[in-house]
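Listed below, chain by chain, are the residues.
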Amino acid sequence: MNTDEILQNAANEARGLAIDAIGARASGHLGLPLGCAEIGAVLFSEIMSFSPDNPKWLNRDRFILSAGHGSMFLYAWLHIAGYDISLDDIKNFRMKGSKTPGHPEFGETVGVETTTGPLGQGVGNAVGMAISEKMAAARFNTAGAEIFSHKVWCLAGDGCMQEGIAFEAAALAGTLKLGNLVLMYDSNGITLDAEGSKTMSEDVGARFKALGWEVSRADGHDFSQIRKVLKKAKASNSDKPKLIIFKTVIAKGVPEVENSAKGHGEGGAKFADAARKRWGLPEEKFFVSDQTRHFFAGLKAKRARKFKKWEKLFRNWAEANADKAAELDACLSKKGTQTAEELLELIPEFPQTDNSATRSSGGAVMNILAKSLPFMVTGAADLFGSTKNYLKDMGDFSPENPAGRNIWYGIREHAMGAISNGIAYYGLFEPSCATFLTFAGYMLGAIRISALSRLPVQFVLTHDSVGVGFDGPTHQPVEMASILRLIPRLDVVRPADSEECAAAWAMALARKDGPTALILSRQNLPIQNSIPARTRRLGTLRGAYIAKKETGGLDKIIIATGSELHIAMNVGLKEPRTRVVSMPSMEVFERQSAEYKDEVLPASCKNRIAIEAGVTALWRRYAGKVVGTDDFGFSADAPELFNAFGINEESLM
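Residues numbered from 1 in each chain as written. Predicted model: local features only at pLDDT ≥ 70, side-chain atom pairs only at ≥ 80, totals over all residues. Heavy atoms only, no water.

Colleague: Give a description of the overall build of the protein that names residues and reports values.
Modeller: Looking only at helices and strands, the protein features 25 helices and 16 strands. Whereas a compact globule of 653 residues would reach a radius of gyration of roughly 26 Å, the protein reaches 27 Å, a difference of no more than 12%. Here the C-alpha coordinates of the protein stretch approximately 90 × 55 × 45 Å along the principal axes. For the protein, the residues scored as buried account for 61% of the 653 residues in total. For the protein, the share of sequence-separated contacts (at least 6 apart) that also reach a separation of at least 24 residues comes to 75%. Carbon and sulfur atoms provide 51% of the accessible area of the protein, an area that totals close to 24,100 Å². (Helix = DSSP H or I, 4+ residues; strand = E, 2+ residues; numbered from the N terminus. Rg over C-alpha atoms; globule rule 2.2 N^0.38 Å. Buried < 20%, exposed > 50% of the residue type's maximum accessible area, 1.4 Å probe, protein only. Contact = heavy atoms within 4.5 Å. Areas by Shrake-Rupley, 256 points an atom, 1.4 Å probe, with all protein chains shown as cover.)

Here's what the structure looks like:
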């Protein structure tokens, strides 16, 4: 039996695993696993460089299934290739606690590189991984020792191509000349509701060519064509990213639903028995032949030998390049000054005359920390000059300087978020990215996935309230901080001055189990010198703290955050029996002990007022009265806006 016959059998067995798993649940998506089976057979046998025994190999090719609804494609091929995914795991598809959830989830399944499902996100992730490989190669490779020299492979469908995020990311990939990126387009012309022609008429190949990509085409069911285009992409040294348009038949092998919208989901599973006979499979469900297992076992052994060869190269490189090896180790382990308290020791206290906007003090803090933390990289959506997160003297990432630590994203917030996630998934570098808070809505999908995947990404979101002033309501994000606070696993921190900002950054960089949104001001803020700097710093690390203690008994508590703390302090300093609590982060405060929370906000004091220049609903968990605004702002200077909404001292008395 020749190789193509072996691969055809493997492709049909992968189809069988998919239809059996989806049929067992009566839930899932058959279209892609059946339609791309031949592509998977070639990709996982002959093209990609990986080692199932060493799934975290630094120089492995990365595979991303952007069309995450087709998850059984990935699970089937990971199982067949020899990853630690058993037949029982396949049988438990979509079951609670299984390694095979409905859509691929990072950290839940070995071999799954990113969480995908919202269409187009994976394309952005792939661009982030390609950037990471370029950065890593530029920083660590030496003459004769290519520690990093792999490709990033992404499989996307028609739905991904319709999402704007995919083309935001693709445009940047072309500009940055990410020749290590291969995007495979499963072009079956079908979406969930109907034929793609109802909603999609453009020439995708022409569009990608215009973006600076190489474009090729192949029949997605013809092994010779698949092999030719994939091998060409793998061997290419071109600096252009590659798009391969595979023409496929959705749900191929189930004629009752193939090539129609009915083939997208689980509808074809009821025809499984006939389909399995057509594919030459026995009645036994979840079948993989001894021939297929033997073939892929041989490939697995060969891949283990390739890994061992690289491992020897790596050891020799590390011995000869001690400084680079130490830097790589720091990037991998994120070790050294890891706790927020230790990071704070690197940041000098700000002068007592400081009244910087927190966007400015945040930029100063970033630049101090980046000198000690080589894994820090950052980017902005055409707003470095406004968001102040540029790392000085650390270079711009570009085709000419891939070691640069500043990424210029252009006006592409959603892609910026997904690309930042891709950099975090890669595992070497820790990214931050910046835009105005009002535009966080443009990348909420990426922020949500970042939180779901527990990625250590810092989202720098400036121009945080009606304090933006004259730009008017389009740029005054009264609702956005509260929207972000509703996302599980996302820490939202809104510091009140430079010292709280220093602590917010230290806390964000020390956190390794999820992202942080740093909500920073455009306008200058008075530094709170009546509160010791150490109190502000350490209090911020706990989410909330007593900024001004009452005397002579406790009558009232004012809870404030961000730019409104100085208003609360002005009132508190006039009222001896009033306590002022600074609460830069609800999420961090809620993780503190019950004893600490009661110490800061004693249940015995019911007279509480919260103040924030935004919508009021979330603050009602802490206070009976909330000073803020539940309407949009208008064009005026900041003081007029604050007074118009009653966000002032009078409202707190």
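Moving on from the model shown.
Colleague: How would you sum up the sheet that holds strand β2 (residues 152–157)? Please name residues and give values.
Modeller: Ordered by their spatial adjacency, five strands build an open sheet running β1-β2-β3-β5-β4, and the pairing between neighbours is parallel. Since the sheet does not close on itself, it has two edges, and those belong to β1 (62–65) and β4 (214–219), each with one partner. For this sheet the average axis-to-axis angle between neighbouring strands, irrespective of direction, equals 20°. In this structure, β4 lies alongside strand β5 (residues 242–247), joined through six bridges in parallel fashion. Each residue of the ladder has a partner; that of Val215, found in β5, is Leu243. Those strands touched by helix α4 (residues 71–81) are β1 and β2, and its axis lies near 145° from that of β1. (Pairing = 2+ DSSP bridges. Axes fitted to C-alpha atoms, helices over the stretch in contact; angles between N-to-C directions.)

Colleague: Which residues make up helix α10 (residues 223–235), and what are the values?
Modeller: The end-to-end C-alpha separation of α10 is 18 Å, in line with the 18 Å expected for 13 residues at 1.5 Å each. Among the residues of α10, those classed as buried are Phe223, Ile226, Arg227, Val229, Leu230 and Ala233. Buried residues in α10 make contact with α1 (3–25), α3 (37–47), β2, β3 (181–187), β4 and β5. (Expected span 1.5 Å × (residues − 1).)

Colleague: Outline the pattern of salt bridges, supporting the account with residue identities and numerical values.
Modeller: When the charged atoms of two side chains with opposite charge come close together, those side chains can pair. Counted under the stated rule, the structure contains 30 salt bridges. Its salt-bridge partner being Glu564, residue Arg494 comes within 2.6 Å of it at the nearest N-O pair. On the criterion of sequence distance, the pair formed by Arg494 in the loop between β10 (491–493) and α20 (498–510) and Glu564 in the loop between β13 (556–560) and α22 (565–572) is long-range, its members being 70 residues apart. Salt bridges sharing partners connect three or more residues here, namely Asp464, Arg485, Arg494, Glu564 and Glu612. (Salt bridge = Lys/Arg side-chain N within 4 Å of Asp/Glu carboxyl O.)

Colleague: Explain the sheet that holds strand β14 (residues 578–582) residue by residue, including any values.
Modeller: Strands sit in the order β12-β14-β13-β15-β16 across an open sheet of five strands; the sheet is mixed. What marks the edges here is a single partner per strand, and that holds for β12 (545–548) and β16 (625–627). If you compare each strand with its neighbour and ignore which way they point, the axes differ by 30° on average. Looking at chain direction, β13 and β14 are connected through five bridges and run parallel. Following the sheet pairing, Ile559 is matched in β14 by Val581.

Colleague: Account for the side chain of Thr109, with residues named and values stated.
Modeller: Looking at where Thr109 falls in the secondary structure, it is placed in the loop between α5 (87–91) and α6 (121–140). Of note is the side chain of Thr109, whose polar atom sits 2.3 Å from the backbone oxygen of Lys99. (Polar contact = N/O pair within 3.5 Å; in protein donor to acceptor, adjacent residues only side chain to side chain.)

Colleague: Lay out the side chain of Ser498 in plain terms, naming residues and giving numbers.
Modeller: Along the chain, Ser498 falls in helix α20. Among the polar contacts listed, one links the side chain of Ser498 to the side chain of Asp354, at a separation of 2.6 Å. Dropping the residues within four chain positions of it, Ser498 is found in contact with Phe350, Asp354, Ser356, Ser361 and Ile527.

Colleague: Provide a residue-level description of the nonpolar core, including the pertinent values.
Modeller: By size, the foremost hydrophobic cluster in this structure holds 176 residues, and its most contacted members are Phe44, Phe63, Leu230 and Leu484. For this core, the leading source of residues is α6, giving 10 residues. Contact partners of Phe44, with chain neighbours within four places excluded, come to Phe50, Phe63, Phe73, Leu74, Trp77, Leu78, Ala81, Phe296 and Arg303. (Core = buried A, V, L, I, M, F, W, Y, C linked by side-chain atoms within 4.5 Å.)

Colleague: Describe the environment of Lys285, and please don't skip the residues or the numbers.
Modeller: Position of Lys285 relative to the elements: it lies in the loop between α11 (272–278) and α12 (290–320). On the accessibility criterion, Lys285 (41% relative accessible area) is partly exposed. Separated by 268 residues in sequence, Lys285 and Leu17 place their C-alpha atoms 7.7 Å apart. When near neighbours in sequence (up to four residues on either side) are disregarded, Lys285 contacts Asp20, Asp273 and Arg276.

Colleague: Just give me the short version of the environment of Leu373, but keep the residues and values in it.
Modeller: Locating Leu373 in the fold gives a position in the loop between α15 (358–370) and β6 (376–380). Counting along the chain gives 14 residues from Leu373 to Thr387, while the straight-line C-alpha distance between them is 21 Å.

Colleague: Tell me what's going on with unusual backbone geometry, and back it up with residues and numbers.
Modeller: Phi at Ala26 takes a positive value of approximately 55°, unusual for a residue other than glycine. Along the chain, Ala26 falls in the loop between α1 and α2 (31–35). Positive phi, close to 55°, is recorded for Phe286, a residue that is not glycine. As for its placement among the helices and strands, Phe286 is situated in the loop between α11 and α12.

Colleague: Give me the lowdown on α12, citing residues and values where you can.
Modeller: In a regular helix each residue adds 1.5 Å, so 31 residues correspond to 45 Å; α12 covers 45 Å between its end C-alpha atoms and thus fits that length. Along α12, the positions that sit buried rather than exposed are Thr292, Phe296, Leu299, Arg303, Phe307, Trp310 and Trp317.

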